[in-house]
Amino acid sequence: KVQFGFAGAVSLVGWSLSGIEGIAFNAAGNTVTLDAATLAQFTTFIGGVAKVDTLQLSGSGGSSLDLSGKSLTSLDKLSVLAGDTVTVGAGTFAGLAALTGVNGTTANTLGLGAGADVSLAATVLSTTGKGGKDWTVQFDGGGNALTVNQADLAFIDSLIGGAGTDTLRLATGETALNLTGVTLSGIEVIDLGAGNDKVGGSLTLTSADLAAMSGLTTITGSTTVKGVGADTVTVKLAAAGALDLSG
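Residues numbered from 1 in each chain as written. Predicted model: local features only at pLDDT ≥ 70, side-chain atom pairs only at ≥ 80, totals over all residues. Heavy atoms only, no water.

> What's the story with the overall build of the protein chain in this structure? I'm lost.
When helices and strands are counted, the protein chain shows two helices and 24 strands. Split into buried and exposed, the 247 residues of the protein chain put 47% on the buried side. For the protein chain, restricting intrachain contacts to residue pairs at least 6 apart in sequence, the fraction spanning at least 24 positions comes to 53%. For the protein chain, the exposed surface amounts to about 10,500 Å²; the carbon and sulfur share of it is 54%. (Helix = DSSP H or I, 4+ residues; strand = E, 2+ residues; numbered from the N terminus. Buried < 20%, exposed > 50% of the residue type's maximum accessible area, 1.4 Å probe, protein only. Contact = heavy atoms within 4.5 Å. Areas by Shrake-Rupley, 256 points an atom, 1.4 Å probe, with all protein chains shown as cover.)

In structure tokens form, the structure reads like this:
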């Protein structure tokens, strides 16, 4: 592995490395910039713990960057350019505190790896320079589950399901899921989660949102919450309109 003996910014864009699989950040903090070709050469990224460590993915805007087979440990932030696609696996966010995209005219895309259950519960999703496009989440064709906090949805424009059964799940401890302004297509299940802090998880959406949710077949709540009985799931219409739950 590469161990940085100094703090500050490091660019490995365009480097060719052989037989080096890991990067260890300095305890005083580093910002390390990689492009797609350099990223492909590494499998592990280990933060320095004491200070802020940032992995910055550099592309031309529209680059595809695959983190699905990478191990991230104690990293504070992953930053990508506007229009980039980042593909993640089931364990990608276990060691990452924040994922930040550059807000622009083209949305960033968060791709979920094949069959992966991905959780943003402990990772802050955001964009810089609010005013343009935020994140599009693209589910894999084999079916995925994505766990989110309500705060994540402020930075998600759309969630696009694949061919398999895809689930959007509310993180444990959250009690409300507001999907107003978020476009869902091909998502079969909305799961309001088990073990939430309060009985009565709620789902908020407009009638237009509901009509646009092609593929949605199931909305579920938890059966028990801290020893208390079944959740009451309330679907709230945030705007006037007809509600069609047939099918």
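After that view of the structure, there is still more to cover.
> How should I be thinking about the environment of Asp140 in this particular structure?
As for its placement among the helices and strands, Asp140 is situated in the loop between strand 15 (135-138) and strand 16 (145-148). With 21 residues separating them in the primary sequence, Asp140 and Gly161 have C-alpha atoms 7.1 Å apart. Ignoring sequence-local partners within four residues, the contact set of Asp140 consists of Leu112, Gly113, Ala114, Gly115, Gly162, Ala163 and Asp166.

> Would you mind going over the pattern of salt bridges with me for this structure?
Any two side chains of opposite charge can pair, given that their charged atoms come close. What the rule picks out here adds up to one salt bridge. For Asp191, the salt bridge is made with Arg169, and the minimal N-O distance between the two is 3.1 Å. Remark: Arg169 occurs in strand 18 (residues 167-170) and Asp191 occurs in strand 21 (residues 189-191); sequence separation between them is 22 residues. On the basis of relative accessible area, Arg169 is assigned to the partly exposed category, the value being 29%. (Salt bridge = Lys/Arg side-chain N within 4 Å of Asp/Glu carboxyl O.)

> When you look at the sheet that holds strand 3 (residues 22-24) in this model, what are you seeing that I'm missing?
Paired through their backbone hydrogen bonds, the strands of a sheet run either parallel or antiparallel. Strand order in this open sheet of four strands is 1-3-5-8, and the pairing throughout is parallel. The open sheet terminates on both sides in strands that have one partner only, identified here as strand 1 (2-3) and strand 8 (71-73). Note that strand 3 and strand 5 (residues 44-46) share three bridges and pair parallel. Looking at strand 5, one finds that Ile23 is bridged to Phe45. (Pairing = 2+ DSSP bridges.)

> How do you make sense of the side chain of Asn108 when you look at a structure like this?
Positionally, Asn108 belongs in strand 12 (residues 108-112). Under the relative-accessibility criterion, Asn108 is labelled buried at 0%.

> Help me out: how do you make sense of the packing of aromatic side chains in this one?
When we look at a pair of aromatic rings, we describe it by the centre distance and by the angle of the planes. Inspection of the entire model under this criterion finds two aromatic pairs. Summarising the aromatic geometry, the rings of Phe42 and Phe45 are spaced 6.0 Å apart at their centres and angled 55 degrees between planes, so their arrangement reads as tilted. Considered together, Phe42 and Phe45 belong to a single accessibility category, that of buried residues. (Phe/Tyr/Trp six-rings, centres within 6.5 Å; stacked < 30°, edge-to-face > 60°.)

Any link to function would need more than the numbers given here.
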